[in-house]
Amino acid sequence: MADECKFEKPRGTRDFGPDEMYRRRLVEKNMRECFERFGYREIQTPTFENLELLTAKSGEGIIDELYDFTDKGGRRLALRPELTAPVMRFYVNEMQRETKPLKLFYLSNCFRYDRPQKGRYREFWQIGCELIGPNSPLAHSEVISLAYEALKSAGVQQIVLRVGSLGVLKPLITGLGLDGCDERAAMRLIDKSEYESLEKFLSEKGVGAADAKRFLATIRCKSIPDARALLSDSIGSELSVAFDYLDNVMRLLDSFGVANCTLDLAIARGLEYYTGLVFEIDAPLLGAEKQLCGGGCYSLVPLFGGLEVPTSGFAIGFDRTIVALEEEEYSFETPRSTDAFIVPVGDGGRLLECAAGISATLRKAGKRVEVDLMARSVGKALKYADKIGVKKAVLVGENELEKGAVLVKDLVSGEQMEVELRRLPECV
RNA sequence: GCCCGGGUAGUGUAGCCUGGUUAGCAUCAGGGAUUGUGGAUCCCUUAGCCCGAGUUCAAAUCUCGGCCCGGGCCCCA
């Protein structure tokens, strides 16, 4: 290299080479088709939005993790860090009167100013959906089964689905009698499954030992009857309704064919706008960054000035899905190779023009065709064609051209035959 | 933002601890042996110590800072 390259890609971004791009497109295709099987239609929103849209739901604190900037007109903008808020904005702007259910999905890049790790980048892709209108166990269990099936369609084998309910968790926490700030701190510990710290925390905040113990036992229950039994004497109607709802969802999930679904009342999703059902899907193989998907029921539309409407959805980390597939040594199908490799035998006369013309004719016939662009010798050209997996080589030489023909060599069998130019499309 | 490990041709690596030959090997790429016939073999060529400062007669090697990558935290909409 005479000159050293002076530029590197920005931290946390990636270049995708041909092999990797092929794999990503393949996985994209499999997942897109899954969303379409459930009746969802793809949409796209702008890469950047007004900053206030993105801070409206989570406060100014998230600016630290946003790529924000001011444009030449003085507008405060930011690259989107996720897609739920932009999609809801789109809905409020233009789709409120669409027939329901409105089923939308997306696959787009997002940006967060985070410390990069494996499966965690500053530019990353999310595939996900939003369901607008319906509000029922059937609708919500179908959303969860779509998340599960999308990952299965991608080819991921080992995934763990956990379903919880803020309709259950929130009243339970309220029952502890903490103030708002302490509730949030408790939620954080719950979400991280740090039960020892949580127990200590509750004790410090004056929660009675018996109440704390029962709370901890409840959120760790693996079945709804167990949880109900623990709470039997204190279960209010609000909690009871939430449990019934969750129970319905889990039974319907079973009917939708979702295996390995476990109850996890400790899912808090660290997010203010979730309202009821919540769920997460992990790939245990992935270590620290193992969460592939998160979602649930939420409320953003009123915040953006729209008419109240039930909304639910989820987002799958597309890059992590790829990492999971690689960890599982998923065998990606190999790209279809070139049908014909055209070798001008020398460069005399009109050989190059003939080779170009032949390639055009074959491409019009739908063939994948390459012409030797390196002016290789016949021997080198055949060697190269064999290496890249071409099935047929077409040798364009003067001797045959005089008869209006070329030589077609089958690189697998080694057989070679003379073919008239007009019959060539049938022979490759 | 914090802690730990790493960075040598395009790719994978040896060398570093214990400073001192022309930085070795494999693979890939291009060419040739073979100017009209591939898969083998042989030969040739291109190409590297992440960046900067310091210590030293001498730094890939030791020290410090930066950048980037990986593992773990914080966070994770």
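Residues numbered from 1 in each chain as written. Chains lettered and ligands numbered in written order. Predicted model: local features only at pLDDT ≥ 70, side-chain atom pairs only at ≥ 80, totals over all residues. Heavy atoms only, no water.

**Q** What is the right way to read the domain arrangement of chain A from this model?
**A** Interface size is commonly expressed as the accessible area that is lost once the parts come together. Domain assignment breaks chain A into domain 1 (9-159 + 283-335), domain 2 (162-257) and domain 3 (340-427). Each of domain 1 and domain 3 was reduced to a C-alpha centroid, and the two centroids are 46 Å apart. (Domains from an automatic or database assignment.)

**Q** Sorry, what's going on with unusual backbone geometry here?
**A** Negative phi values dominate among residues other than glycine, just as trans dominates among peptide bonds. Residue Lys-100 is joined to Pro-101 through a cis peptide bond whose omega torsion reads 0 degrees. Tracing the backbone shows Pro-101 in the loop between helix 3 (84-95) and strand 5 (102-111). A positive phi angle is found at Glu-329, which is not glycine, with a value near 55 degrees. Mapped onto the elements of the fold, Glu-329 is located in the loop between helix 11 (318-327) and strand 12 (340-344). Taking relative accessible area as the criterion, Glu-329 reaches 69% and is therefore assigned exposed. (Helix = DSSP H or I, 4+ residues; strand = E, 2+ residues; numbered from the N terminus. Buried < 20%, exposed > 50% of the residue type's maximum accessible area, 1.4 Å probe, protein only.)

**Q** Can you walk me through the pairing of strand 10 (residues 291-298) in this structure?
**A** A regular strand places its side chains on the two faces of the sheet in alternate fashion. Within strand 10, seven of the eight residues are buried, which leaves the element mostly enclosed by the surrounding structure. Of the strand pairs in this sheet, strand 9 (residues 274-282) and strand 10 are connected by six bridges, and their pairing is antiparallel. Considered in strand 10, the bridge of Asp-282 is made with Gln-291. (Pairing = 2+ DSSP bridges.)

**Q** Sorry if this is basic, but what is going on with the protein's contact with RNA strand B here?
**A** Residues in contact with RNA strand B amount to 40 residues; listed here are only the nearest, Lys-118, Arg-120, Asp-386, Lys-387 and Leu-411. For RNA strand B, the backbone portion of the atoms within 4 Å of the protein, that is sugar and phosphate, comes to 49%. Within the backbone of Lys-118, a nitrogen or oxygen atom sits 2.6 Å from a phosphate oxygen of RNA strand B. One of the side-chain nitrogen or oxygen atoms of Gln-416 is found 2.7 Å away from a base nitrogen of RNA strand B. Sorting the residues of the surface near RNA strand B by element identifies helix 13 (378-387), helix 14 (398-401) and strand 15 (405-410) as the ones contributing at least two each. (Near = heavy atom within 4 Å. Polar contact = N/O pair within 3.5 Å; in protein donor to acceptor, adjacent residues only side chain to side chain.)

**Q** I keep staring at the sheet that holds strand 2 (residues 48-50) and nothing clicks. Help me out?
**A** Within a sheet, adjacent strands bond to each other through the backbone by hydrogen bonds, running parallel or antiparallel. The three strands lie next to each other as 2-4-3, forming an open sheet whose pairing is antiparallel. Looking along the sheet, the strands with just one partner apiece sit at the ends: strand 2 and strand 3 (68-70). Strand-to-strand twist of the sheet, defined as the mean angle between neighbouring strand axes without regard to direction, takes the value 35 degrees. By the bridge criterion, three bridges tie strand 3 to strand 4 (residues 76-79) in an arrangement that is antiparallel. When the bridges of strand 4 are listed, Phe-69 appears paired with Leu-77. (Axes fitted to C-alpha atoms, helices over the stretch in contact; angles between N-to-C directions.)

**Q** Which parts of the structure should I look at to understand the environment of Ile-342?
**A** Following the sequence through the fold, Ile-342 ends up in strand 12. Overall, Ile-342 belongs to the buried group, its relative accessible area being 0%. Spatially, the C-alpha atoms of Ile-342 and Tyr-195 are 68 Å apart, while their sequence positions differ by 147 residues. Residues within four places of Ile-342 in sequence aside, it is in contact with Ala-355, Ile-358, Ser-359, Leu-362, Val-369, Glu-370, Val-371, Asp-372, Val-394 and Val-396. (Contact = heavy atoms within 4.5 Å.)

**Q** Help me understand the pattern of salt bridges in this model?
**A** On inspection of all chains with the given rule, the structure shows 26 salt bridges. Salt-bridge contacts for Arg-25 lead to Glu-28; the nearest nitrogen and oxygen are separated by 3.0 Å. In this pair, Arg-25 and Glu-28 are both assigned in helix 1 (residues 18-37), three residues apart and thus about one turn of the helix distant. Taking the shortest distance from any N to any O, the salt bridge between Arg-162 and Glu-280 comes out at 2.8 Å. A residue pair is termed long-range when its members are at least 10 positions apart, and Arg-162 in strand 7 (residues 160-165) and Glu-280 in strand 9 qualify at 118 residues. Taken individually, Arg-162 and Glu-280 each receive the classification buried, so the pair is uniform in this respect. One salt-bridge network, held together by shared partners, links Arg-162, Asp-264, Glu-280, Asp-282 and Lys-290. (Salt bridge = Lys/Arg side-chain N within 4 Å of Asp/Glu carboxyl O.)

**Q** What should I look at first to understand the environment of Lys-192 in this one?
**A** Note that Lys-192 resides in the loop between helix 6 (180-191) and helix 7 (195-204). By relative accessible area, Lys-192 is classed as exposed at 52%.

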